[in-house]
Amino acid sequence: GAGVSQTPSNKVTEKGKYVELRCDPISGHTALYWYRQSLGQGPEFLIYFQGTGAADDSGLPNDRFFAVRPEGSVSTLKIQRTERGDSAVYLCASSRQGGDTQYFGPGTRLTVL
Amino acid sequence: GQQLNQSPQSMFIQEGEDVSMNCTSSSIFNTWLWYKQDPGEGPVLLIALYKAGELTSNGRLTAQFGITRKDSFLNISASIPSDVGIYFCAGHPMEYGNKLVFGAGTILRVKS
């Protein structure tokens, strides 16, 4: 079956702009995760959804970052007033249930100029 | 927060050689996972370990979950050019079972 998909694959924006990144998980996976990967580093956890609710948002760096999953499937990561330090690859993963093996999408490379 | 110390940071090896990399933590992990990431792609799961002491193989790859639950290693036997990439260890910390904590990665380069 299809894996995790993410759109767009690349996003270039200007400092101060608003961006939305989309994740389409594997069908039937109830758990969805967002990670951020800076150059030369491993992915860092941002937020975890179980169904429609954010079960753990402890990794969100500040209140400019917000994510939703209104129907328990597709999720959108929203970043307000982007800063150059937000430039990174944003990875989405899904698993059958929370704590199960996570399968990653190809990521969205965000560049803030 | 939890940190995973992964080593080595990078390595050049001769094709056909065996490779070993490891990961350690100061805290206990419930699971250990090894992922490989190619440029422009997301991490792909290679091996998952769920019990202390567990030794698991996947083709030329072998990984072990340390008995103390604070470390893991990955071995690649008879390396080939397509083994090039970045290898990440990751784990579920005991206190936070759902999120994954990743190491900084081991860059593997193969001399053909």
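**A short note on the overall build of chain B**
So, step 1. When helices and strands are tallied, chain B shows 0 helices and 11 strands.
So, step 2. Reading the secondary structure of chain B in the N-to-C direction produces β-β-β-β-β-β-β-β-β-β-β.
So, step 3. At 13 Å, chain B has a C-alpha radius of gyration in line with the 13 Å of a compact globule built from 112 residues.
So, step 4. Projected onto its principal axes, the C-alpha positions of chain B cover 45 × 30 × 20 Å.

**Describing the state of the cysteines**
Linking two cysteines covalently via their sulfur atoms produces the bond known as a disulfide.
Residue and element names in this part refer to chain A.
So, step 1. Tallied over the entire structure, the rule returns 2 disulfides over all chains.
So, step 2. Between the sulfur atoms of cysteine 23 and its disulfide mate cysteine 92 the distance is 1.8 Å. Classification of the bridge connecting cysteine 23 and cysteine 92 rests on its S-S torsion, roughly -65°, and on that basis the disulfide is left-handed. In this pair, cysteine 23 is assigned in strand β3 (residues 19-24) and cysteine 92 in strand β9 (residues 88-95), connecting sequence segments 69 residues apart.

**A look at the nonpolar core**
So, step 1. Trp34 and Leu74 of chain B are the most contacted members of the largest nonpolar core, which has 22 residues in total.
So, step 2. Elements with a minimum of two residues in this core: β2 (10-14), β3 (19-25), β4 (29-37), β5 (44-49), β7 (61-65), β8 (71-76), β9 (85-93) and β11 (106-111) of chain B.
So, step 3. Formed by 20 residues, the second largest nonpolar core is a distinct cluster that contains Trp34, Leu46, Ile47 and Ile79 of chain A.

**Details of the environment of glycine 53 of chain A**
Residues and elements named next belong to chain A.
So, step 1. On the secondary structure map, glycine 53 appears in strand β6 (residues 53-56).
So, step 2. By relative accessible area, glycine 53 is classed as partly exposed at 30%.
So, step 3. Counting along the chain gives 25 residues from glycine 53 to glycine 28, while the straight-line C-alpha distance between them is 16 Å.

**A few points about the packing of aromatic side chains**
So, step 1. Using the criterion set out here, one finds 10 aromatic pairs over all chains in the structure.
So, step 2. With 5.0 Å between their ring centres and 15° between their planes, tyrosine 33 of chain A and tyrosine 48 of chain A make a pair best called stacked. Residue tyrosine 33 of chain A is located in strand β4 (residues 31-37), and its partner tyrosine 48 of chain A is located in strand β5 (residues 44-50); the two are separated by 15 residues in the primary sequence.
So, step 3. Residue classification places tyrosine 33 of chain A among the buried positions, given a relative accessible area of 0%.
So, step 4. With centroids separated by 5.4 Å and ring planes inclined at 90°, the aromatic side chains of phenylalanine 104 of chain A and tyrosine 35 of chain B adopt a geometry described as edge-to-face. Of this pair, phenylalanine 104 of chain A sits in strand β10 (residues 103-104) while tyrosine 35 of chain B sits in strand β4, placing the two residues on different chains.
So, step 5. Grouping aromatic residues by their ring pairs yields a cluster made of Tyr33, Tyr35, Phe45, Tyr48 and Phe104 of chain A together with Tyr35, Phe88 and Phe102 of chain B.

What counts as what
- Residues numbered from 1 in each chain as written.
- Chains lettered and ligands numbered in written order.
- Predicted model: local features only at pLDDT ≥ 70, side-chain atom pairs only at ≥ 80, totals over all residues.
- Heavy atoms only, no water.
- Helix = DSSP H or I, 4+ residues; strand = E, 2+ residues; numbered from the N terminus.
- Rg over C-alpha atoms; globule rule 2.2 N^0.38 Å.
- Disulfide = S-S within 2.5 Å.
- Core = buried A, V, L, I, M, F, W, Y, C linked by side-chain atoms within 4.5 Å.
- Buried < 20%, exposed > 50% of the residue type's maximum accessible area, 1.4 Å probe, protein only.
- Phe/Tyr/Trp six-rings, centres within 6.5 Å; stacked < 30°, edge-to-face > 60°.

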